[in-house]
Amino acid sequence: MSEISQFQFKPIGFLSSCYPDKFGVPRQSGLVKQAYSQLKIKAEFQPELSLQGLEGYSHIWLQFIFHLNSSQRFHAKIHPPRLNGETIGLFATRSPHRPNPIGLSLVELVKIEKDTLLLAGADLVDGTPILDVKPYLPHIEALKEARGGWSNQVVASAIEVQFSLEASGKLQDWMKRSGKVELFEVIVQILKQDPRPVIYKGYEAQTSPYRNKHAFRLYDGDIHFEFTSQDQVLVFDIQF
């Protein structure tokens with residue numbers, strides 16, 4: 001134990017992403033491909049040297065800390081949202097509630113500008129501490145014979161996303177003001193994954209605002225939505 005306790009982890013940088021809060025963050029990387037983020041490497045890690053050669057890779061692994069994980073107890077079995085209430089062993093999932101709050105995320109490396117990595121498809125909250133960056137090696141890590149376990153047996157629902165006239169108008173104004181032309185696609189891709197916790201599902205088309213109306217933050221905006229059926233969601237307002 002004494003040999004292990006001597007190790008201390010220091011972030012190489014902190015991710016700047018479009019997700020200010022946990023709610024609405026994709027449950028896996030790559031699901032919202034047009035969600036852009038940036039990672040500025042601290043000067044002490046000599047990015048002018050340590051990043052040399054990384055530009056030749058299209059994707060990288062981010063090792064990070066689940067810094068917003070407030071779980072105080074270890075749970076050997078959990079309820080993944082995709083299992084609709086069923087339980088499974090923690091180590092058969094990618095839940096953030098782990099014995100050690102360390103995560104691994106595969107993201108697209110769009111480009112490198114001096115000490116900063118421009119990334120796409122990250123599933124991390126703004127301000128996430130990054131511990132390490134490693135290149136993705138497709139000739140080694142893309143295994144065609146690999147099995148997908150229980151996650152391959154979950155049937156994804158085809159969710160249709162609609163916008164009210166009010167929300168659509170505000171979105172156009174937001175895109176014009178911010179210059180972020182990808183906002184529409186990012187919102188649609190997030191909602192197609194159904195970000196609601198399991199306990200809020202099954203109340204579609206009910207009038208109670210406490211059960212069916214939700215909102216997630218994206219950059220400086222709040223996206224208000226409701227599921228009108230199990231496979232239809234309406235964005236009814238966008239607030240800044």
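These figures come from a predicted structure and were not determined experimentally.

A. Highlighting the side chain of Ser-37. With respect to the helices and strands, Ser-37 occurs in strand β2 (residues 36-40). Residue class for Ser-37 comes out buried when judged on its relative accessible area of 3%. Not counting residues within four places of it along the chain, the set of residues in contact with Ser-37 comprises Leu-15, Ser-16, Ser-17, Leu-117, Leu-118, Leu-119 and Ala-122.

B. Main features of the sheet that holds strand β11 (residues 221-229). Spatially, β9-β12-β11-β10 is the arrangement adopted by the four strands of the open sheet, whose pairing is mixed. Across the chains shown, the open sheet's two edge strands, defined by having one partner strand only, are β9 (160-163) and β10 (213-218). Going across the sheet, the axis of each strand differs from the next one's by a mean of 30 degrees, ignoring polarity. Sheet analysis places β10 next to β11, joined by six bridges and oriented antiparallel. When the bridges of β11 are listed, Phe-216 appears paired with Ile-223. The strands that helix α4 (residues 165-178) touches are β9, β10, β11 and β12 (232-239); relative to β12, the one it contacts most, it runs at about 55 degrees. Relative to β10, helix α5 (residues 183-192) is tilted by about 135 degrees, and along the sheet it contacts β9, β10, β11 and β12.

C. Quick peek at unusual backbone geometry. In this model, Asp-194 sits at a positive phi of 50 degrees, which is unusual for a non-glycine residue. With respect to the helices and strands, the residue Asp-194 is situated in the loop between α5 and α6 (209-212). The buried category is assigned to Asp-194, whose relative accessible area is 8%. One non-glycine residue with positive phi stands out, namely Tyr-219, at about 55 degrees. Structurally, the position occupied by Tyr-219 is in the loop between β10 and β11.

D. Region of the structure containing the side chain of Ser-105. Relative to the helices and strands, Ser-105 resides in strand β6 (residues 102-113). Residue Ser-105 is classed as buried on the basis of its relative accessible area, which comes to 1%. At 2.6 Å, the side chain of Ser-105 and the side chain of Asp-123 are in polar contact. Ser-105 has contacts with Ser-29, Ile-60, Trp-61, Leu-62, Phe-64 and Asp-123, leaving out every residue within four places of it along the chain.

E. Broad picture of the nonpolar core. Within the largest apolar cluster, 26 residues are counted, with the highest numbers of intra-cluster contacts made by Ile-187 and Leu-218. Broken down by element, this core gets its largest block of residues, six residues, from α5. For Ile-187, the residues in contact, after removing those within four places along its chain, are Phe-163, Leu-171, Trp-174, Phe-216, Leu-218, Ile-223, Val-235 and Ile-238. In terms of nonpolar packing, the next biggest core, distinct from the first, is built from 18 residues, Ile-41, Leu-54, Leu-117 and Val-133 among them.

Procedures and definitions
Residues numbered from 1 in each chain as written. Predicted model: local features only at pLDDT ≥ 70, side-chain atom pairs only at ≥ 80, totals over all residues. Heavy atoms only, no water. Helix = DSSP H or I, 4+ residues; strand = E, 2+ residues; numbered from the N terminus. Buried < 20%, exposed > 50% of the residue type's maximum accessible area, 1.4 Å probe, protein only. Contact = heavy atoms within 4.5 Å. Pairing = 2+ DSSP bridges. Axes fitted to C-alpha atoms, helices over the stretch in contact; angles between N-to-C directions. Polar contact = N/O pair within 3.5 Å; in protein donor to acceptor, adjacent residues only side chain to side chain. Core = buried A, V, L, I, M, F, W, Y, C linked by side-chain atoms within 4.5 Å.

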